[in-house]
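Chain residues, written in single-letter form:
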Amino acid sequence: MDSEVGLLRFLAAPGEGVIRGKKLCRWAEEFALGRGITVHTLQSPSRRLLELCPSLSPVQAKELTGLLGGRLPYEQDLDLPRLAQLLWSEAWWGDEPGPDHAARWLLWWLEHTPSEAERVVLACLGDLYKTNYAGQERAAYEARCEETAFALLKRWLGMEQPLSWGGFPIDLSTNLIQRLQDDFKTQVLRDPEKFLSTVHSLRADKHLLAIAAQVGASYCLEHPERLNRELLRFFEEYVRGPVREKLQKLLPPKVPEPVPSDVLQFGSWFIQEYLPYRHWATDHPDHSEKIHQIGREFAEQYLQLYKDALSDGSARPYLSWVKAKQLPKSDVVTLMVVLDGLGYADMQHLWEELRRFDHHQRITLLQAEVAFAPLPTITECAKPALLKGVKPALAKDQPDLGKVLTKDKDVKEALVGAHPGDLIIWKDPEPDSTYHAATEKDVALKNARGILTGFAERLTNLALTLPDQIPLRIVVTTDHGRLLDLAPRVHPLPKNAQSRQRAALGDLLLHESFEIKEDLAYLHRDAFGLVQDCAVVLSGESFLTQDGKQGVDAYPHGGIYPEEVLIPWWVLARDYQLKNVEAEILGKGVAEKAGQAVLKVRNPNPISVEILELHLGGKQQQTFPIQRIVSAMGSLEFPLEILMWPSKRDAQSLRAQVFLRWPDQDRAQIEAKVHLEVEEMYQQGDNPLEDLL
């Protein structure tokens, strides 16, 4: 009621109601007190806002009251965070100040253009948050406009003058990503050389690096003369799909080093040297002779290693069927996914798609290794050996290592009912059947990638919908790889042989255990653990078909090229919690003189990690390339030559960051503890004339 008439009507039949107006309230209060009626005094909304935020003017308070409408509660315990929730309908305003909260504060400014009245409230709110939080991120609450917030966000993410606030704690907003993209595009157009140099040297948040890499990659596709080997390596970490493949084709990779003599080095040689060169050379026919030379050298070495591994009777851990037999673990349920003919490049694509479908990154890559495929690299020989954990000759009479299933529904039911120690095998005929269905290389690859994308979605859905209490480990592998090229059919079949693209099976009447004739290798069944004798192609061609037809095979298999026999063996886990890698720097030296220190790294995880580099702060900053692998549950010591030893005062505040990379190629940054002792150049007692005084 806000009139005398309304008040009189109310007093005639008193009940509950609200009376407004100074005089009417005084009259109503006297009336109520005289009759013992309970009275509650309520402030006007604008007055409550003025008391809550004294910096507001009366006009601004009325403006905000209008914005709030009837949402402002009448209770007395209204505070600034609650007011912010009412004004902007976001729950985080009421959270405790801290890194996450400070990040949201800065992101909010990029999304909103507050009025002058709202800015007054925000200023009071920022002061309140700063008062209630002592962490270094409290400086974020000083942002009062979009420009200041964006500048702080860039510094927090590692640009310009990076802040020492640690990693950015929440996801980047769409608006921030767009702002960063626009900022990078402006920089690259203004000074391409400076931008590309700066981007490559950034030690920033991985999300920011990914945005910078996308912009830089797009620029280099239009200006390929700007691309160099170091930039390409940087882009390869953050750019995926067709863009990365286009970039890789712009620069010829280095020719691989000779095939390593140590079998344990095959994997790194294959992934880091051979595959990049092989992919590039496929589009450059003038390098086919070099590929043939490498393939032939590798094949002869592989065949000898494979034969020796079978002849001495030991269970060599690099053989795929040996690895399969060792899979069951008492503390986890293991799902072995066997995709027919999955090459290593296919596995890399599958993993990228898995990450795309795994929105909350619940699946962790624990190992990305290679295994030796059974010979010959054709399904009928290699797959039974893998599924049964024995060499091909023994597979017929052996049971499967675990329950072998093909349908998604059956696999899920088996996993739900499984117990730790159980092995479930999910067998799928793809991508082999898709590769065989196409005769053109580009069509085969495009169709196979589509099939793998679909399977990645199926596998992700299966892994993330299983009950959380199931300790799930996933091993993705294959029976054989495949040639990364077209293979013309030119080799006549040996007598009594059956054609299998780059292999031929039959009773070949072999007298030697292992014999090479020109571009064919003849493998005796007894020496190579086979049911039948076998001939395999050592060059880049295939056998004629059974009826003698020529033509071309796209992405065939059966031979001994590295991509056919070195197959992916990737281990994934769901909801795996990685422990922090620990690093410290130890040493003793004289201030302002060169000195020796050591970096010690300890990896408490059951997976290896690659240490990329160390960045040491201080007056004279130094960056140390490390490029060393720290094995699972292992440690590393790396010597450091510090050009200028810090003073005692500087040593106390010296900071060091170690940059590392996990098996899934994700970069991370950790703080290294610095323990540098400082010797003073001149100390009491150093004066040789002191005893004469």
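Below or above, wherever it landed, is the structure these notes cover. (Residues numbered from 1 in each chain as written. Predicted model: local features only at pLDDT ≥ 70, side-chain atom pairs only at ≥ 80, totals over all residues. Heavy atoms only, no water.)

Here's the deal with the sheet that holds strand 20 (residues 656–661)
For step 1, the next point in the chain: Strand order in the open sheet made by the seven strands is 18-17-20-21-15-16-19, with mixed pairing throughout. Strands at the two margins of the open sheet, each flanked by one partner only, are strand 18 (622–630) and strand 19 (635–642). Going from strand to strand, the sheet's axes swing by 25° on average, the running direction of each strand aside.
For step 2, the next point in the chain: Direction of pairing for strand 15 (residues 582–590) relative to strand 21 (residues 667–679): parallel, over a ladder of seven bridges. Paired with K588 across the two strands is E677, which belongs to strand 21. (Pairing = 2+ DSSP bridges. Helix = DSSP H or I, 4+ residues; strand = E, 2+ residues; numbered from the N terminus. Axes fitted to C-alpha atoms, helices over the stretch in contact; angles between N-to-C directions.)

Thoughts on the pattern of salt bridges
For step 1, the next point in the chain: A full pass over the atoms with the stated rule returns 37 salt bridges.
For step 2, the next point in the chain: D547 serves as the salt-bridge partner of K549, at 3.9 Å between the closest nitrogen and oxygen. By the burial criterion, K549 is exposed, and D547 matches it. (Salt bridge = Lys/Arg side-chain N within 4 Å of Asp/Glu carboxyl O. Buried < 20%, exposed > 50% of the residue type's maximum accessible area, 1.4 Å probe, protein only.)

Overview of the environment of Q301
For step 1, the next point in the chain: Inspection of the secondary structure assignment puts Q301 in helix 15 (residues 288–311).
For step 2, the next point in the chain: In this structure the C-alpha to C-alpha distance between Q301 and V263, which are 38 residues apart in sequence, comes to 9.6 Å.
For step 3, the next point in the chain: Apart from residues no more than four positions distant in its own chain, Q301 is found in contact with V259, P260, S261 and F266.
For step 4, the next point in the chain: Within the local environment of Q301, its side chain forms a polar contact with the backbone oxygen of P260, the two atoms lying 2.6 Å apart. (Contact = heavy atoms within 4.5 Å. Polar contact = N/O pair within 3.5 Å; in protein donor to acceptor, adjacent residues only side chain to side chain.)

Let's talk about unusual backbone geometry
For step 1, the next point in the chain: Backbone torsion omega between L375 and P376 reads -10°, so that peptide bond is classified as cis.
For step 2, the next point in the chain: As for its position among the elements, P376 is in the loop between strand 2 (363–372) and helix 18 (379–388).
For step 3, the next point in the chain: Cis geometry marks the peptide bond from E430 to P431, where omega comes out at 5°.
For step 4, the next point in the chain: In this fold, P431 is placed in the loop between strand 4 (423–428) and helix 20 (432–437).
For step 5, the next point in the chain: Although it is not a glycine, E518 sits at a positive phi angle of roughly 55°.
For step 6, the next point in the chain: Structurally, the position occupied by E518 is in the loop between strand 9 (514–517) and strand 10 (520–523).
For step 7, the next point in the chain: Phi at E592 takes a positive value of approximately 65°, unusual for a residue other than glycine.
For step 8, the next point in the chain: Relative to the helices and strands, E592 resides in the loop between strand 15 and strand 16 (595–602).

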